[in-house]
Amino acid sequence: MTSTAGAEASIALLGQPNSGKSTLFNALTGARQRVGNWPGKTVEKKEGYYTRAGVHYHVADLPGTYSLSANSEEEIITRDHIASGGADVVCILADSSQLSRSLFMLADYAGIRCPAVLLLNLMDVAEKQGKQVDAAELEKRLGIPVVPFVAADLRQYEPFHEAVERALKQKTLIDTGSLTAKYRALEGQVYEQVLALLPAEGLGRYSADWIAAKLLEGDQAVQAAVEEQLSAEKKHELRTFLSQVSNGALETAGAKFQWVDELLDGVLVQSGKKAALSRFDRLATHRRWGKPLAILIILLGLIASFFPAAPIMLAGGMIPQLGAPIGAALSAIGAPQLLIDLMSQVVLNTLYFAVAMIGFVFGVNLVFGFLEEIGYMARVSYVFDGTMTRLGLQGKAVMPLVVSFGCTIGGAAGTRVIDSWAQRVLTIALAWVVPCAATWAIVPVIASLFFGAWAPLVIVAIFVVAGLHMLVTAKVFGSRLIRDEDRAGLIMELPPYHRPRWGALLRSILVRTWDILSRALRIIFIVSLVFWLVTYSAGGSPDGSLLYRFGRAIEPVTMFFGLTWQTFLAYISSMVSKEAALGVLGSLYLGAGSIFSSTLGGSGPQMATGLSEALLASLSAPAALAFIFAVTFNAPCLMAITSTYQETRSLKWTLRILAYYFATSLLLAAIVYHVAGLFL
Amino acid sequence: MRNLHEVKAGQRAVIVDVQGSSRFLSRATSIGLTRGLEIEMLHNEARLPLLLFGRDTVIALNREDGQQIQVEVVA
């Protein structure tokens, strides 16, 4: 691991959910991190680095899993990373406030021949519960460095760094003697019989002891790897033997917890005892009040997220006003008009969009990151588990869906609290169905214009279609994103509440926000530029633009979907900004103002004078209905698309979702148009 | 002996056996549900997951999966 340029070392962070891995990862790496996916997998990969005393440390934040079995993609990745030599030292995090349970990961790791450090995180929470842990004694029993720790407190990192250095230098491995003694004591001496069939030296980083336990647990992946090393005869023997073992995982887990309990005997001292559920928790998990409370808190959270967002969005809103002075300055130095237009329309609007979006994303992440951090989101997951699993989602997904009624950008950003990447993509795909606030600025106006008192019926129809849409979309995307074997019933922990660690929370959010801003700027700029080019017309009226000519040319096609060239262009513009649909209709029907400025100019969803008459004169009722459905179920807006890209970090999936919504909204429009044509 | 999902809220019970696929066994045991563990049922409501307390942890468990865990009620 030593190179000429300087020493290097790789660290992997291993721990159960809620053990504070992400906090540690962010504290260590700060802005020096990269988020991607594990090659070929639908699981997020977080890597980063830090330098200390001339050593360059690579840090991999392994997916949060409860064990090292091969039950999910996350667990397989975690194991493979360690087994393949991806780490020189593994930092195992345990939650000190629930030590006996969370040390299971340590027990499951014991026997892997890669140096390890045990971090007793959340020590402050444990102390508040009246728990004392004798870390020095535990270290003696385990044979690896043990550090009492508060990951959110940057002042406590010195012992951590020393422990890592010690583990690297001394190659500290967990003393497994007393654990294997427990395995040996299992009924029928199954453990020793399996062990006898294995190569004594183990397999790479897996010791024979570790392999034997995993084989008893029915671990297919380990069995396949071991069988490759065995003679045909021994392989047969092993298979025959393992086929007779039942309940292996239960037996070995019993042994592991016995070992943990022995380790903690005299090490963990508990004084006083608190009720399992606080009074608030009894309400938060109540069969009747849990759900309304969750919705209420999410709605309040949505409102609260505007407070940190508002100053940023306000500042962003002032950017377009720079257009006039900058334009004047540019023309004063003799810049061509095209450049001035480009500057004042595309560049400034890009900045405005990106800053406004970032403000809102920041607010949503701060508020819902806070709710996640203190432990409340796990309660939401619990009360909404039944409802959401019907869509193939986890309970927490209710939050992004509710937030999407306000704004899809916030919904997409809110999926950050969902720990599985595949679940996050699926949630975003479904959040796009939810009609956002902008929808209600357009739909009722057109609906009441064409259907008068019957307009509410249109709204009802939208909700019914949205419900069906969700069921179908959940099927379409769920089957591609989530493997059947990963669709297991809920087993999760509701972590104890703890006070927010504002520093750590803000740090991680600022790092992500900055990353988002730089990427969002690029996307929004490119799309705005393209949109500007196709809507550019020298004279200023819409009919000089490429988009106009395109719309006219394919009107025979769009009429199949019930869209005239005007409503089709408004529909296309609504993918950039939904509020713009009316403004674009105005500029097209009345021939005033360019499509670009009515889409991005922020004129808002007002009916231009004379537009009502023009619409009534040129659109049939079925065509109006088709337009309503096309716009409602279209991609929400450019910023939501960008935000989707940020959270999925997959251009492929973002484009898939986009294409899906483009196609389905046109399909819905066609159905509505032709069915309504039979009656209206 | 009865199944976990038959334990009433407020009752305490000791886990006697856990059944099911090795996948389920591994998931249930890794969160601490092993033989001999004494748990307290916190919530047992129709249409909500079971909520129990064991090993210092509040654990939510799918109702159907609760049928695969046998317990002996102690109080």
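For the structure itself, look to the data block above.
Residues numbered from 1 in each chain as written. Chains lettered and ligands numbered in written order. Predicted model: local features only at pLDDT ≥ 70, side-chain atom pairs only at ≥ 80, totals over all residues. Heavy atoms only, no water.

**Q** What is the right way to look at the overall build of chain B in this model?
**A** For chain B, the count of helices and strands is two helices and six strands. The linear arrangement of helices and strands in chain B, starting from the amino end, is β-β-α-β-β-β-α-β. In terms of overall dimensions, chain B is globule-like: its C-alpha atoms have a radius of gyration of 11 Å, near the 11 Å expected for 75 residues. Sorting the 75 residues of chain B into buried and exposed places 60% on the buried side. Counting contacts in chain B only where the partners sit at least 6 residues apart, residues at least 24 apart contribute 58% of the total. Carbon and sulfur atoms make up 44% of the accessible area of chain B, which amounts to about 2,900 Å² in all. Charged side chains of chain B number 9 positive and 9 negative; the gap between the two group centres comes to 3 Å. (Helix = DSSP H or I, 4+ residues; strand = E, 2+ residues; numbered from the N terminus. Rg over C-alpha atoms; globule rule 2.2 N^0.38 Å. Buried < 20%, exposed > 50% of the residue type's maximum accessible area, 1.4 Å probe, protein only. Contact = heavy atoms within 4.5 Å. Areas by Shrake-Rupley, 256 points an atom, 1.4 Å probe, with all protein chains shown as cover. Lys, Arg positive; Asp, Glu negative; His and termini not counted. Charge placed at Lys NZ, Arg CZ, Asp CG, Glu CD.)

**Q** How should I be thinking about the overall build of chain A in this particular structure?
**A** Assigned secondary structure in chain A consists of 35 helices and 11 strands. Considering only C-alpha atoms, chain A reaches an extent of 85 × 60 × 55 Å along its principal axes. Within the span of chain A, comprising 680 residues, buried residues form 57% of the whole. Pairs at least 24 residues apart make up 75% of the contacts formed inside chain A by residues separated by at least 6 positions. Total accessible area on chain A is roughly 27,400 Å²; 62% of this is exposed by carbon and sulfur atoms. Each charge class in chain A can be summarised by its mean position, and for the 54 positive and 51 negative side chains these summaries are 5 Å apart.

**Q** How should the pairing of strand β11 (residues 491-494) of chain A be read in this particular structure?
**A** Successive residues of a regular strand alternate their side chains across the two faces of the sheet. By the alternation rule, side chains of β11(A) split into Ile491(A) and Glu493(A) and Met492(A) and Leu494(A), which are all buried. Of the strand pairs in this sheet, β11(A) and strand β5 (residues 57-61) of chain B are connected by four bridges, and their pairing is antiparallel. The residue bridging Met492(A) from the neighbouring strand is Ala60(B), located in β5(B). (Pairing = 2+ DSSP bridges.)

**Q** What should I look at first to understand the sheet that holds strand β6 (residues 69-73) of chain B in this one?
**A** Sheets are built from strands that pair by backbone hydrogen bonding, the pairs being arranged parallel or antiparallel. Taking strand neighbours across the sheet as the criterion, the seven strands line up as β11(A)-β5(B)-β4(B)-β3(B)-β2(B)-β6(B)-β1(B) in an open arrangement whose pairing is antiparallel. Of all strands in the sheet, those bounded by a partner on one side alone are β11 of chain A together with β1 (2-3) of chain B. Judged from the two bridges that link them, β1(B) and β6(B) form a sheet pairing that is antiparallel. Paired with Arg2(B) across the bridge in β6(B) is Val71(B). Of the strands in this sheet, β11 of chain A together with β3 (38-43), β4 (50-54) and β5 of chain B touch helix α19 (residues 376-383) of chain A, which is tilted by about 140° from β11(A). (Axes fitted to C-alpha atoms, helices over the stretch in contact; angles between N-to-C directions.)

**Q** How do you make sense of the environment of Phe353(A) when you look at a structure like this?
**A** Residues and elements named next belong to chain A. Its location among the elements puts Phe353 in helix α18 (residues 337-374). For Phe353, a relative accessible area of 6% puts it in the buried group. Sequence separation between Phe353 and Gln33 is 320 residues; the distance between their C-alpha atoms is 26 Å. When near neighbours in sequence (up to four residues on either side) are disregarded, Phe353 contacts Ile524, Val576, Leu600 and Met639.

**Q** What's the story with the interface of chain A and chain B in this structure? I'm lost.
**A** A common way to report how large an interface is uses the accessible area buried once the components associate. At the interface, 42 residues of chain A touch 32 residues of chain B. Summing the contributions of chain A and of chain B, the shared interface buries around 3,200 Å²; its carbon and sulfur component is 59%. Together, Leu250(A), Tyr382(A) and Ile491(A) form the three largest contributors to the area buried by chain A at its contact with chain B, with a combined 23%. Across the chain A-chain B interface, the total number found is four salt bridges. The partner of Arg55(B) in a salt bridge is Asp261(A), and the shortest N-O contact between them spans 3.9 Å. Scanning the region where chain A abuts chain B turns up 13 residue pairs in polar contact (both at pLDDT 80 or more). Those elements that provide at least two residues to the side of chain A that touches chain B are α3 (99-102), α13 (248-264), α19 and β11 of chain A. Element by element, the count of residues in the side of chain A that touches chain B is highest for α13(A), at seven residues. Tallied by class, the residues present in the side of chain A that touches chain B amount to 15 nonpolar, 15 polar and 12 charged. (Buried area = accessible area lost by both parts, 1.4 Å probe. Salt bridge = Lys/Arg side-chain N within 4 Å of Asp/Glu carboxyl O. Polar contact = N/O pair within 3.5 Å; in protein donor to acceptor, adjacent residues only side chain to side chain. Nonpolar A, V, L, I, M, F, W, Y, C, P; charged D, E, K, R; others polar.)

**Q** Would you mind going over the packing of α13(A) against helix α1 (residues 22-30) of chain B with me for this structure?
**A** When two helices pack together, their arrangement is given by the angle between the helix axes and by the axis-to-axis distance. Relative orientation of the contacting elements α13(A) and α1(B) amounts to 15°, with a least axis distance of 9 Å. By the angle class used here, α13(A) and α1(B) are roughly parallel. Our pair here, α13(A) against α1(B), has a crossing hand that is right-handed. Between α13(A) and α1(B), the contacting residues are Ala249(A), Leu250(A), Ala253(A) and Phe257(A) on the first element and Ser22(B), Leu25(B), Ser26(B) and Thr29(B) on the second. Partitioning the contact of α13(A) with α1(B) into residue classes produces five nonpolar, three polar and no charged. (Parallel < 35°, antiparallel > 145°, perpendicular 65-115°, else oblique. Left-handed = near helix turned anticlockwise from the far one by under 90°.)

**Q** Just to check I follow, could you spell out the packing of aromatic side chains for this structure?
**A** Residue and element names in this part refer to chain A. With the rule as written, the count across this model stands at 25 aromatic pairs over all chains. Measuring from centroid to centroid gives 5.8 Å for Tyr352 and Phe353, while their planes differ by 70°, and the two rings are edge-to-face. For Tyr352, a relative accessible area of 24% corresponds to the partly exposed category. Put simply, the rings of Trp432, Phe477, Trp653, Tyr660 and Tyr661 touch in pairs and so form one group of aromatic residues. Over the ring of Tyr497 we find Arg379, and its NZ or CZ is 4.1 Å from the ring centre. Between Arg656 and the ring centre of Trp653, over which it is positioned, the NZ or CZ distance is 4.4 Å. (Phe/Tyr/Trp six-rings, centres within 6.5 Å; stacked < 30°, edge-to-face > 60°. Lys NZ or Arg CZ within 6 Å of the ring centre and 35° of its normal.)

**Q** Explain the nonpolar core here, please?
**A** A general feature of soluble globular proteins is that nonpolar side chains tend to end up buried together. Membership of the largest hydrophobic core comes to 160 residues, with the highest contact counts inside it found for Tyr376(A), Ile409(A), Leu481(A), Leu4(B), Leu33(B) and Ile69(B). Apart from the residues within four sequence positions on either side, Leu4(B) is in contact with Ile39(B), Met41(B), Leu50(B), Leu52(B), Leu61(B), Gly66(B), Ile69(B) and Val71(B). Counting residues in each nonpolar core, the second largest holds 63 residues, with Ala116(A), Val133(A), Val150(A) and Ile211(A) among its members. (Core = buried A, V, L, I, M, F, W, Y, C linked by side-chain atoms within 4.5 Å.)

**Q** I would appreciate a short explanation of the packing of helix α15 (residues 290-304) of chain A against helix α16 (residues 306-318) of chain A in the present structure.
**A** Residues and elements named next belong to chain A. Here α15 crosses α16 at 25°, and the two axes come no closer than 6 Å. The angle between the axes of α15 and α16 places the two elements in the roughly parallel class. For the pair α15 and α16, the contacting residues are Leu302, Ile303 and Ala304 in the first and Phe306, Phe307 and Pro308 in the second. For the contact of α15 with α16, the per-class residue count stands at six nonpolar, no polar and no charged.

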